[in-house]
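Remarks on the overall topology
The residues making up each chain are set out below.
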Amino acid sequence: NVAAVRPEPRPLWRRLKASRPSANTLLSHIGVLGPPVDPSFVAEAMEVRVVPYPMQWAGVLQSTETAARIIVRQQDAWLQQRFTVAHEIGHLILHPLGTEFRDTTFAGTPAEAQANGYAAALLMPFWMIEPAVHAWGPNVGLLAQAFQVSVQAMEIRLQRFYGMGDDG
């Protein structure tokens, strides 16, 4: 009588990666209902370790078929670390496994722009921004504080919100 060997269940991030979910779909799947979105909570819910570490890059994504971790520069300001974690989640969802993304190596590439866009949509989804703007007006400082992002990140997101509409 041979016992069946059950394969290890794949981590949530690996199951989600196949469908390349939008940031909105990811937030919905994890059950995030409003601001501020905690990108470390999102990573942990996806079974991705977030590790602060003193290093020269803002962040690094390391991934294999079975494991992923995000390393974030511990000396960066808290708001920058939040964006970096969200950015690395974008790389994990959108880009090939096994590539170690480091901000200085890939700066200015389409992959970096995609990861930045994913991070913005994860931290500041339009479906959360719209009621906040209706409640408080387009007060960039107040909105940045509520969403726990930099004023610059919120300014860019509001320009997209008013200029381009829905981001899926």
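This structure is a prediction, so every number in the text was calculated from the model and none was measured. (Residues numbered from 1 in each chain as written. Predicted model: local features only at pLDDT ≥ 70, side-chain atom pairs only at ≥ 80, totals over all residues. Heavy atoms only, no water.)

A word on the pattern of salt bridges
- All chains considered together, the criterion is met by 3 salt bridges.
- One salt bridge connects Arg-73 with Asp-76, and the closest N-O pair in it is separated by 2.8 Å. Judged on exposure class, the residue Arg-73 and its partner Asp-76 are both buried. (Salt bridge = Lys/Arg side-chain N within 4 Å of Asp/Glu carboxyl O. Buried < 20%, exposed > 50% of the residue type's maximum accessible area, 1.4 Å probe, protein only.)

Quick look at the side chain of Arg-14
- If you trace the backbone, Arg-14 turns up in helix H1 (residues 12-17).
- Residues contacting Arg-14, with those up to four places away along its chain left out, are Glu-65 and Leu-97. (Helix = DSSP H or I, 4+ residues; strand = E, 2+ residues; numbered from the N terminus. Contact = heavy atoms within 4.5 Å.)

Examining the pairing of strand E3 (residues 68-73)
- Within E3, 5 of the 6 residues are buried, which leaves the element mostly enclosed by the surrounding structure.
- Relative to E3, strand E1 (residues 49-53) is paired through 5 bridges, and the arrangement is parallel. Opposite Val-51, over in E3, you have Ile-71 as the bridge partner.
- By the bridge criterion, 5 bridges tie strand E2 (residues 59-63) to E3 in an arrangement that is antiparallel. By the bridge assignment, Leu-61 is partnered in E3 with Ile-70.
- Following E2, the chain reverses through 4 residues before pairing antiparallel with E3. (Pairing = 2+ DSSP bridges.)

Here we look at helix H2 (residues 23-30)
- Among the residues of H2, those classed as buried are Ala-23, Asn-24, Leu-26, Leu-27 and Ile-30. End-on, the buried residues of H2 take up no more than an arc of 160 degrees, which puts them together on one face.
- Contact partners of the buried residues in H2: H1, helix H3 (39-45), helix H4 (78-94), helix H5 (110-123) and helix H6 (126-136).
- Downstream of H2 by a residue or two, Gly-31 has a phi angle that is positive, lying close to 90 degrees. (Arc of directions from axis to C-beta.)

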